[in-house]
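Structural overview
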Amino acid sequence: MATIRQIAQLAKVSPATVSRALANHPHVRPDTRQHILEIAQLYHYNPMRTQQEGAPSKMIKIGCLVPSVSADYYDLVLEGVLEATAGEQFHVMIVQTHHVFAHTCAAIMRMVEQQVDGIFIICGHAELLPKTTLMALWSHNIIPLSIDDTRLPIDSVLTDEQMLG
């Protein structure tokens, strides 16, 4: 993910020009603005995420996808996630996917839009996540972690339940 300074270097303009172009300031030539916007899009520039990265006490957003919050197993996994993040600078967003593959993919994309820092994925279905979904996570510097599913090409954690079974 690029910063204003990096975009300025790539566009061969000053950081102030980049800032003005991104703010749609009238004193930036249209061709320069277009060039800067193309570079910003190519390098996934996001002004909100860039501002947050410099903050010393940044809230860390973690997404957690579960097929069901009422099943005992998923409830225990959620309890562990919430216990591990209690009292820290974490904000945990829990999404129930109801064992529907399309809901899982859509929830991941919503979490990308909400700029989570990491995401725990408990799929609960046979389909593997599409490469485009995983690429969206990686291209936005979001750390995915699978729970009890080693089929995905991401790091995974096995719970005691899975290891005993």
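Residues numbered from 1 in each chain as written. Predicted model: local features only at pLDDT ≥ 70, side-chain atom pairs only at ≥ 80, totals over all residues. Heavy atoms only, no water.

**Description of the packing of aromatic side chains**
Applying the stated rule across the entire model yields 1 aromatic pair. Both rings, one in Tyr73 and one in Tyr74, keep their centres 5.3 Å apart while their planes meet at 65°; by these two values the pair is edge-to-face. (Phe/Tyr/Trp six-rings, centres within 6.5 Å; stacked < 30°, edge-to-face > 60°.)

**Quick word on the packing of helix H2 (residues 15-22) against helix H3 (residues 30-42)**
Direction vectors running N to C along H2 and H3 enclose 90°, while the axes themselves pass 9 Å from each other. By the criterion of interaxial angle, the relationship of H2 to H3 is roughly perpendicular. On the side of H2, the interface is formed by Thr17, Val18, Ala21 and Leu22, while H3 contributes Thr32, Arg33, Ile36, Leu37 and Ala40. When the residues that make up the contact of H2 with H3 are grouped by side-chain class, the tally is 6 nonpolar, 2 polar and 1 charged. (Axes fitted to C-alpha atoms, helices over the stretch in contact; angles between N-to-C directions. Helix = DSSP H or I, 4+ residues; strand = E, 2+ residues; numbered from the N terminus. Parallel < 35°, antiparallel > 145°, perpendicular 65-115°, else oblique. Contact = heavy atoms within 4.5 Å. Nonpolar A, V, L, I, M, F, W, Y, C, P; charged D, E, K, R; others polar.)

**Regarding the sheet that holds strand E2 (residues 90-96)**
If you walk across this open sheet you meet the 5 strands as E2-E1-E3-E4-E5, and the pairing is parallel. The open sheet terminates on both sides in strands that have one partner only, identified here as E2 and strand E5 (156-157). Strand direction decides the pairing type here: strand E1 (residues 60-66) and E2, joined by 7 bridges, are parallel. When the bridges of E2 are listed, Cys64 appears paired with Ile94. Strand contacts of helix H5 (residues 72-85): E1, E2, strand E3 (118-121) and strand E4 (143-147), with the helix running at about 165° to E2, the strand carrying the most contacts. Helix H6 (residues 101-113) rests against E1, E2 and E3 of the sheet, and its axis sits at about 175° to E1. (Pairing = 2+ DSSP bridges.)

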